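The chain contents come next:
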Amino acid sequence: MLTGGRVYTLDWEEPAPDGAPAPSAPYEDGTPRPDAEAIAFSGGTISFVGSAAEAQALVGAGTRVVDVGGATVLPGFVDAHVHVADLGGRLEQIDLVGVADEAEAVARVAEAAAGVPAGEWILGWGWDEGAWADRYPTHEALSRAVPAHPVLLRGLHGFALWANAEALRRAGIDADTPTPSGGEIRRDAAGRPTGLFLNRATALFDAVVPAPDAARLRARVRRGLEAMAEAGYVAVHEAGADGSLMAALESLEREGRLPIRVYVMLSGRDPELLDAWSARGPDAVEGAGPDEYLITRAVKGHYDGALGSRGALLLEDYADAPGNRGTGSEGYGYDHDRIARLARRGFQPAIHAIGDRGNRETLDFLAGLFPTAAEVARLRPRIEHAQVVHADDFARFGRLGVIASMQPPHMAEDKAWAERRLGPDRIHGAYAWRTLRESGARLVFSSDLPGSDHAIPYGLHAAVTRRDRAGQPPAGWYPDEGLTPEEAVRGYTSWAAWAAGLEDRTGALALGRWGDVTVLDVDPLGTPAERYGEVLRGRVLLTVVAGRVVHEALPTRGASP
């Protein structure tokens, strides 16, 4: 039992598309108010929600009572687009997030390589391919500093690789290497690779970097999920599991070692896996109980590249790269027929689309799956990112029932360069949460980890204020696209439940729902938008999944046996 808290059940009608609270919502002084003080769990589900006095009468000899000391109790948060094995793996790699320039990155790599036997791979990640797009590095300085190791440094969002000379040699990449469809190999005046690879060209190294064995992959997945539990998440949506990752997840599930729930989108780049699941069909959610920790019922496809690396597919040229409109569709490895076949078998299509042309053509693809929009909508299709949308296409999201699966941190991190890519007109269709809501689209939020910080307070702050961690810009970046605190919280809770087809089982704190709860030491619903910077200082105190504590950071005085 959790008592002594500010409990928001979210068990009321959701806000209108313009953000106005529903008549049934418990609002006071312009902000929602808590509608309970205590919550109890039994058998993995919620067995009580109400006042502290009523709760006390239910305490039995075997009840653990936790006084949360006025903290905020919310439906469990879900990160609806993650790459969890990458998170676990990158905890083993050189962290380059926030490095200012090439020189700082090279110095950090050289320091790490000094303790590694010659010849072993050095892997790192996190340099920002969007912010560095006008000053992309070459292999020269990296090769001089670390000549005896193959080095691969992946960009923050995964759409760029920076390699040294030894890595190029190991991969057999030279001036004669053809550029893969949907990718770019940066070359010097003589045609020799500079060491910088963009979009689908990053796959040239897939076969040469040693893959983790099954045990190590399981360990990475477990480590990544534990990190998400510590961050307050009760579930994640894995955005593209291949056969190896599926095997790891299924093994952990059999062993009862998944600390939080995982909703899986199968990778559209693993034909063998897709064919096997096409024959099997998606997991059913009807009747799913609180012990269901692994559900596979979606298929992920990549329609285009990323905006930062100028790979997102645009209707017109990039404003800062005339003649370039990005890459997508079959040229980017998107398998229309296989994704369509899985969708017609009942799998939820979840398509990565970032550019305005990429989004338009993805909407065309979804519209062509079935004769009517109602049949399409029954799949609850998702566009992952929906980052840049043409004005003519917003209403199509609502008509087709397409979920816009978006990342508030991307706005905060991309705003430094996004307008340079798109120009002053198209930028109004970018990161357009409010416009999508008003068009009738459903939203769901995530971090796209490990490409962005997955901290819950950070995502909420970005969604509400349209500002970064430093509070910039003071008035918010295109603030009319910001959301209310309730909408931001729902983007990670009740709307995430709906996106997975689980709205009858989770997403609200009500009797019989799964016992999934996140407890914070700040109040993201009761804090007015004008003071929302306070939410950034928030900490996760408790994560509860199926009525079991999977992360606890409460003061010891707050608990009793």
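Residues numbered from 1 in each chain as written. Predicted model: local features only at pLDDT ≥ 70, side-chain atom pairs only at ≥ 80, totals over all residues. Heavy atoms only, no water.

## Digging into the overall build of the protein chain
1) Next: When its secondary structure is counted, the protein chain shows 18 helices and 25 strands.
2) Next: Taken against the 2.2 N^0.38 rule, which gives 24 Å for 561 residues, the C-alpha radius of gyration of the protein chain at 23 Å falls within 12% of a compact globule.
3) Next: Along the three orthogonal principal directions, the C-alpha set of the protein chain runs to about 80 × 55 × 55 Å.
4) Next: Contacts in the protein chain between residues far apart in sequence, at least 24 positions, make up 75% of those at least 6 positions apart.
5) Next: Working note: accessible area of the protein chain is about 21,000 Å², and carbon and sulfur atoms make up 48% of it.
6) Next: Side chains of the protein chain give 57 positive and 78 negative charges; the mean places of these two sets differ by 2 Å. (Helix = DSSP H or I, 4+ residues; strand = E, 2+ residues; numbered from the N terminus. Rg over C-alpha atoms; globule rule 2.2 N^0.38 Å. Contact = heavy atoms within 4.5 Å. Areas by Shrake-Rupley, 256 points an atom, 1.4 Å probe, with all protein chains shown as cover. Lys, Arg positive; Asp, Glu negative; His and termini not counted. Charge placed at Lys NZ, Arg CZ, Asp CG, Glu CD.)

## Let's talk about empty space enclosed by the protein
1) Next: The tally for this structure, following the rule as stated, stands at four cavities of 30 Å³ or more.
2) Next: Estimates place the volume of the largest cavity at around 160 Å³.
3) Next: Along the walls of the largest cavity sit 21 residues, with A235, H237, R261, L502 and T506 positioned nearest its centre.
4) Next: For the lining of the largest cavity, the secondary-structure elements that each account for two or more residues are β16 (233-241), β17 (261-267), β18 (294-302) and α18 (494-499).
5) Next: Its residues assigned to classes, the lining of the largest cavity comprises 13 nonpolar, five polar and three charged.
6) Next: Taken as a whole, the second largest cavity encloses approximately 110 Å³ of empty space.
7) Next: What lines the second largest cavity is a set of 14 residues, among which H157, A306, I354, Q387 and H410 lie closest to the centre.
8) Next: Residue classes in the lining of the second largest cavity are distributed as five nonpolar, six polar and three charged. (1 Å grid on protein atoms, 1.4 Å probe; cavity = no way out; pocket = protein on both sides within 12 Å on 5 of 7 lines; lining within 4 Å. Points joined across faces, edges and corners; volume = space filled by probe spheres on them. Nonpolar A, V, L, I, M, F, W, Y, C, P; charged D, E, K, R; others polar.)

## Quick look at the sheet that holds strand β21 (residues 403-406)
1) Next: The strand order β9-β16-β17-β18-β19-β20-β21-β22 describes an open sheet built from eight strands, whose pairing is parallel. Each having just a single partner strand, β9 (77-82) and β22 (442-445) make up the two edges of the open sheet. Taking the axes of each pair of neighbouring strands and ignoring which way they run, one obtains an average angle of 25° across the sheet.
2) Next: In the sheet, β16 pairs with β17 via six bridges, with the strands oriented parallel. (Pairing = 2+ DSSP bridges. Axes fitted to C-alpha atoms, helices over the stretch in contact; angles between N-to-C directions.)

## Points about the pairing of strand β12 (residues 151-155)
1) Next: β12 sits mainly inside the fold: four of its five residues count as buried.
2) Next: Of the strand pairs in this sheet, strand β11 (residues 122-127) and β12 are connected by five bridges, and their pairing is parallel. Bridge pairing in β12 places W125 opposite R154.
3) Next: In the classification by handedness, the crossover that spans β11, the intervening helix α4 (residues 139-145) and the parallel β12 is right-handed.
4) Next: Once β12 ends, the chain turns through four residues before running back antiparallel as strand β13 (residues 160-163), passing G158 with a positive phi of about 85°. (Buried < 20%, exposed > 50% of the residue type's maximum accessible area, 1.4 Å probe, protein only. Right-handed = clockwise from strand over helix to strand, strands pointing away.)

## Side note on unusual backbone geometry
1) Next: Omega for the bond connecting L449 with P450 falls within 30 degrees of zero, at 5°, which places this linkage in the cis form.
2) Next: Inspection of the secondary structure puts P450 in the loop between β22 and α16 (456-465).
3) Next: Here the amide bond leading from Q472 into P473 is cis, since omega sits at -15°, within 30 degrees of zero.
4) Next: Positive phi, normally seen in glycine, also occurs at R466, with a value near 55°.
5) Next: Checked against the element boundaries, R466 lands in the loop between α16 and α17 (485-491).

## Digging into the side chain of Q348
1) Next: Structurally, the position occupied by Q348 is in strand β19 (residues 348-353).
2) Next: For Q348, a relative accessible area of 1% gives the class buried.
3) Next: Here R380 takes part through its backbone oxygen, which lies 2.7 Å from a polar atom of the side chain of Q348.
4) Next: There is a polar contact of 2.9 Å between the side chain of Q348 and the backbone oxygen of A499.
5) Next: If we skip the residues at most four places from it in the chain, Q348 touches Y263, R297, A298, V299, L379, R380, P381, R382, I403 and A499. (Polar contact = N/O pair within 3.5 Å; in protein donor to acceptor, adjacent residues only side chain to side chain.)

## Quick word on the packing of helix α7 (residues 243-254) against helix α8 (residues 271-280)
1) Next: One can describe the packing of α7 onto α8 by two numbers: an axis separation of 10 Å at closest approach and a directional angle of 55°. Looking at the two axes, α7 sits oblique to α8. Residues G243, M246 and E250 of α7 lie in contact with α8, whose contacting residues are L273, W277 and R280. (Parallel < 35°, antiparallel > 145°, perpendicular 65-115°, else oblique.)

## Quick look at the packing of α8 against helix α9 (residues 336-344)
When two helices pack together, you describe them by how their axes are tilted relative to each other and by the distance separating the axes.
1) Next: The N-to-C vectors of α8 and α9 enclose an angle of 25°; their axes lie 10 Å apart at closest approach. Of the possible angle classes, the one that applies to α8 and α9 is roughly parallel. By crossing handedness, the relation of α8 to α9 is classed as left-handed. Across from P271, L274, D275 and S278 in α8, the residues of α9 making contact are R338, R341 and L342.
2) Next: Across the contact of α8 with α9, the residue classes tally to three nonpolar, one polar and three charged. (Left-handed = near helix turned anticlockwise from the far one by under 90°.)

## Considering the layout of surface pockets
1) Next: Taken as a whole, the second largest pocket spans an internal volume of roughly 310 Å³.
2) Next: As for the second largest pocket, its lining consists of 20 residues, of which V97, L156, E413, S452 and D453 are closest to the centre.

## Describing the pattern of salt bridges
1) Next: Overall, the coordinates contain 34 salt bridges when judged by the stated rule.
2) Next: Ionic pairing is found between E552 and R64, a salt bridge with its closest N-O pair at 3.0 Å. Taken together, the residues span a long stretch of sequence, with E552 in strand β25 (residues 548-552) and R64 in the loop between α1 (52-56) and β7 (66-67) at a distance of 488 residues.
3) Next: Between E487 and R437 there is a salt bridge, with its nearest N and O atoms 3.0 Å apart. Of this pair, E487 sits in helix α17 while R437 sits in helix α15 (residues 433-438), placing them 50 residues apart in sequence. (Salt bridge = Lys/Arg side-chain N within 4 Å of Asp/Glu carboxyl O.)

## Let's talk about the sheet that holds strand β24 (residues 540-545)
1) Next: Across the sheet, which stays open at both edges, the five strands sit in the order β2-β8-β23-β24-β25 with mixed pairing between neighbours. With one partner strand each, in any of the chains shown, β2 (6-7) and β25 form the two edges of the open sheet.
2) Next: As paired elements, β2 and strand β8 (residues 72-75) share two bridges and run parallel to each other. Bridge pairing links R6 to T72 in β8.

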